[in-house]
Amino acid sequence: MGLKSRQRTKVKRQKVNTMLIINNLKASIGGKSILKGITLQIKPGEIHAIMGPNGSGKSTLAAVLAGREFVEVTEGTVTYNGKNLLDMPPEDRAKEGIFLGFQYPIEIPGVSMVNFMKTAVNEHRKHNGLAPLSASDFLKMMREKKEMVEIDSKLANRSVNEGFSGGEKKKNEIFQMAMLEPKLAILDETDSGLDIDALRVVANGVNKLKKPDNSFIVITHYQRLLDFIVPDVVHVLYDGRIVKTAGKELALELEEKGYDWIKKEVENNIPV
Amino acid sequence: MEKDQDKILSDVTSGEYKYGFYSDIEMEKIPKGLSEDVVRIISAKKNEPEWLLEFRLKSYRHWLTMKMPTWPNLKIPPINYQEIIFYAAPVERPKLNSIDDIDPELRKTFDKLGIPLTEQKHLAGVAVDAVIDSVSVKTTFKETLAEMGIIFCSFSDAVKEYPDLVKRYMGSVVPYTDNFFATLNSAVFSDGSFCYIPKGVRCPMELSTYFRINSANTGQFERTLLIADEESYVSYLEGCTAPSRDENQLHAAIVEIVAEKNAEVKYSTVQNWYPGNKEGKGGVFNFVTKRGMCKGENSKISWTQIETGSAITWKYPSCILRGDNSTGEFYSVAVTNNYQQADTGTKMTHIGKNTKSTIVSKGISAGHGQNSYRGLVKVLKNATNARNYSQCDSLLLGDKCGAHTFPYLEVDNQTAIVEHEATTSKIGEDQIFYCNQRGISTEDAIGLIVNGYAREVLNKLPMEFAVEAQKLLQISLEGSVG
């Protein structure tokens, strides 16, 4: 095969392989424009970090991808594995392999983690044409994942997030991610409120779950988490737009110079 | 038991009220309306002894002097008692010893409802007394229970075969003058269950009664009497269904329980009467007087009630704690969806010394449902060391429903400790979305959350009922979150 045809084949394979294609996405909440034209592509096996100051639209982007109704998409497209993501209800997006690690995980008193996870896991399995797990197989799976993400046994035996500390809630998100094995995991400020040890545990969990066929969007305000979860690409979100995209060094540069540096560059219309 | 579960599971597959079918059986009905003549006809049809006819007539005459109470938090359309048929029984056939002599149409009805009339002893483990439109048709396991001296038969049979027992206890817990609907019941009660557990006997199986209202415009006026003699134990299950009707149907039953010294009775109900349609038309009026007397020392009576049906529910399963050290318990989950209404709760009356009562009431309101908890904890002057714990929780789904609480505490003894807790909560959109994001549909999420909320009460049910209750809760709330 000649060099040119090999290159052409490579380009074609890349296009087919792109897991998530966001094109000029605009979204509002209560009539107020938050996302003002996001364009982004994620391939399998990649970790993308999205950083930005408060109010830049990071969580809104996560909400749009997960399918929260109160966010209104006003323009643009989101294609996930070739399908129109915006047309799918949230539970279908989940079953297709999208997972959102919530910034503020909600409590559901009276619903045990076991019951909750068993229902979720079996719904995913049903969607993929698999038989539901037997009770003993499920408990075995829970034990394995608990160990993998170093989550305390006690946590898994309680009601969903009830009485959990902030750190425990975040660890519980990672535990659920381990149980559901998503293709695209969106972690919305998973590091906020965590001490360095909890951070390490969370990061370890993510790193253990990383595979060539799954991807992560790590939304974070601080660079600290990215010491442990090393991104392939870093985007900076400011005022609803991605204003800068680069490799992992960008995170360090941000840490050094602060968000004011980005704000100044944007205001002065310096191409970033 | 297996068949019970099958029935429940087949229910679950659709949100439609599955019991909306009729039995095309010959029904022997008397003309509609209520009068002294009607009372005599009822008594005559059942070949009742003179003393029972007198009881009925006494009650009827007293009823004429009474007015329907207006204090509940309910909107009840006026009831025309002259439009109701007070007696409907399947045509009697000469009794034979085998099950096969039951009217085949009737048998088909029972099969549809999944009642294990056939004696599958090791499968079911449940003795069933099936009541269809006012008459107990068949009692299973009679022989097995008879060996232990346990009596479990229809009320009508008990009147004939154990008149002394009936005379001794009937009306001792709910006197014929007690309240408007109890008095009505005392005049026109048709049939129900009678159960007697002898001294020292622990009933080895759950006893169950299965109700059904069939013909149009018939009221159901069952009467149940359950006696647990000293040192005995029984767990009793009551499950109800009714077919779809446009006209409201009156259900004014009486349940009396007597627990002698050291005896324990667990009485569980899963009530699924037709609740009316989405516009609030039709549905059963469930006005029941249920009361247990903890007569002897250390006796215990527990009520576990799951109410998902009926257009209007008005009942207060209660305990009179007469014996020293006696215990009364009330666990309840009541659902009101669409235009259902409920004014329900319990009355715990502490009379003896060191008595204890526990109340856990979980109300769930959805649609335009109005759910009221009304509870009375009464500690009499000489009731030393009484203890009560009450917890009444309300869960609201949506913003058009209502939850109301009317707790009454009347404490006349200084040594009493009475605790009351109440919470009100709603199912948040955030909780639903969290489930959605894990791949769980909104309907399933509500089922999970509601069952989690009601779990404390559901755990009190015998296993076979717990499954039905969980499914019923989920079905009864379908379409309630928009």
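These figures come from a predicted structure and were not determined experimentally.

Novice: Even after reading the chapter, I still don't get the overall build of chain A, so can you show me in this structure?
Specialist: Of the regular secondary structure elements, chain A holds 11 helices and 12 strands. Over its C-alpha trace chain A gives a radius of gyration of 19 Å, about what one expects of a compact globule, namely 19 Å for 272 residues. For chain A, the spread of C-alpha atoms along the principal axes amounts to about 60 × 50 × 40 Å. Counting every position in chain A, which comprises 272 residues, the buried fraction comes to 39%. For chain A, the proportion of contacts with a sequence separation of at least 24, taken over those separated by at least 6, is 70%.

Novice: How do you make sense of the interface of chain B and chain A when you look at a structure like this?
Specialist: Where interface size is quoted, it is often the accessible area lost as the parts come together. Every contact between the two is made by 16 residues of chain B and, on the other side, 21 residues of chain A. For the side of chain B that touches chain A, the elements supplying multiple residues, two or more each, are α10 (429-437) and α11 (442-458) of chain B. Taken together, the residues that form the side of chain B that touches chain A break down as six nonpolar, six polar and four charged.

Novice: For this particular structure, what's the right way to read the sheet that holds strand β2 (residues 32-42) of chain A?
Specialist: Consider a sheet: its strands pair through backbone hydrogen bonds, and that pairing is either parallel or antiparallel. Residue and element names in this part refer to chain A. The strand order across the open sheet built from four strands is β2-β1-β4-β5, with neighbouring strands paired in antiparallel fashion. Every interior strand has two partners, whereas the edge strands, β2 and β5 (83-84), have only one. Two strands pair when backbone bridges link them, and strand β1 (residues 20-29) and strand β4 (residues 71-80) are joined in this way by eight bridges, in the antiparallel orientation. Bridge pairing in β4 links I22 to V78.

Novice: Mind showing me how you'd approach the sheet that holds strand β10 (residues 215-220) of chain A here?
Specialist: Residues and elements named next belong to chain A. Strand order in the open sheet made by the six strands is β6-β9-β10-β3-β11-β12, with mixed pairing throughout. Strands with a single pairing partner mark the edges of an open sheet, and in this sheet they are β6 (98-101) and β12 (241-246). When the angles between neighbouring strand axes are averaged without regard to direction, this sheet yields 20°. Of the strand pairs in this sheet, strand β3 (residues 47-51) and strand β11 (residues 233-238) are connected by four bridges, and their pairing is parallel. The residue bridging M51 from the neighbouring strand is V236, located in β11.

Novice: Is there a simple way to think about the environment of F181 of chain B in this case?
Specialist: Residues and elements named next belong to chain B. Along the chain, the position of F181 falls in helix α9 (residues 180-188). Take F181: there are 24 C-beta atoms within 10 Å of it, and that puts it in the buried class. For the pair F181 and S59, spaced 122 residues apart in sequence, the C-alpha separation works out to 11 Å.

Novice: Is there a simple way to think about the packing of α10 of chain B against α11 of chain B in this case?
Specialist: A pair of packed helices is captured by two measures, namely the crossing angle of their axes and the spacing between those axes. Residue and element names in this part refer to chain B. Put simply, α10 and α11 touch, their axes get as near as 9 Å, and they point 120° apart. The two elements α10 and α11 cross, and the hand of that crossing is right-handed. Only T442, A445, L448 and I449 of α11 make contact with α10, whose side of the interface consists of Q431, I432, C435 and N436. Within the contact of α10 with α11, the residues separate by chemical class into five nonpolar, three polar and no charged.

Novice: I'm lost on the environment of A454 of chain B in this one. Help?
Specialist: Residues and elements named next belong to chain B. Of note, A454 is situated in helix α11. The exposure class assigned to A454 is buried, which follows from the 25 C-beta atoms found within 10 Å. Sequence separation of A454 and T144 is 310 residues, and the distance between their C-alpha atoms is 35 Å. Discounting chain neighbours no more than four positions away, the residues touching A454 are V333, K362 and L473.

Novice: Help me out: how do you make sense of the pairing of strand β13 (residues 284-294) of chain B in this one?
Specialist: A regular strand carries its side chains on alternate faces of the sheet. Residues and elements named next belong to chain B. The buried fraction of β13 amounts to 11 of the 11 residues, a majority that puts the element mostly inside the structure. Neither face of β13 is left uncovered, since the one carrying V284, N286, V288, K290, G292 and C294 and the one carrying F285, F287, T289, R291 and M293 both have all their residues buried. The pairing of strand β10 (residues 249-251) with β13 spans three bridges and is parallel. Counterpart to Q249 in the pairing with β13 is V284. Alignment of β13 against strand β15 (residues 312-315), held across four bridges, turns out to be parallel. Along β15, the bridge assignment pairs N286 with T313. Bridge count between β13 and strand β16 (residues 318-321): four bridges; the pairing is parallel. When the bridges of β16 are listed, G292 appears paired with C319.

Novice: I keep staring at helix α12 (residues 463-476) of chain B and nothing clicks. Help me out?
Specialist: Residue and element names in this part refer to chain B. Taking 1.5 Å as the rise per residue, α12 with 14 residues should run 20 Å; its terminal C-alpha atoms sit 20 Å apart, in good agreement. Counting buried positions along α12 gives 10 out of 14 residues, so the element sits mostly inside the fold. Within α12, the full set of buried residues consists of E464, F465, A466, E468, A469, Q470, L472, L473, I475 and S476.

What counts and how
Residues numbered from 1 in each chain as written. Chains lettered and ligands numbered in written order. Predicted model: local features only at pLDDT ≥ 70, side-chain atom pairs only at ≥ 80, totals over all residues. Helix = DSSP H or I, 4+ residues; strand = E, 2+ residues; numbered from the N terminus. Rg over C-alpha atoms; globule rule 2.2 N^0.38 Å. Buried ≥ 20, exposed ≤ 12 C-beta atoms within 10 Å, placed from the backbone. Contact = placed C-beta atoms within 7 Å. Nonpolar A, V, L, I, M, F, W, Y, C, P; charged D, E, K, R; others polar. Pairing = 2+ DSSP bridges. Axes fitted to C-alpha atoms, helices over the stretch in contact; angles between N-to-C directions. Left-handed = near helix turned anticlockwise from the far one by under 90°. Expected span 1.5 Å × (residues − 1).

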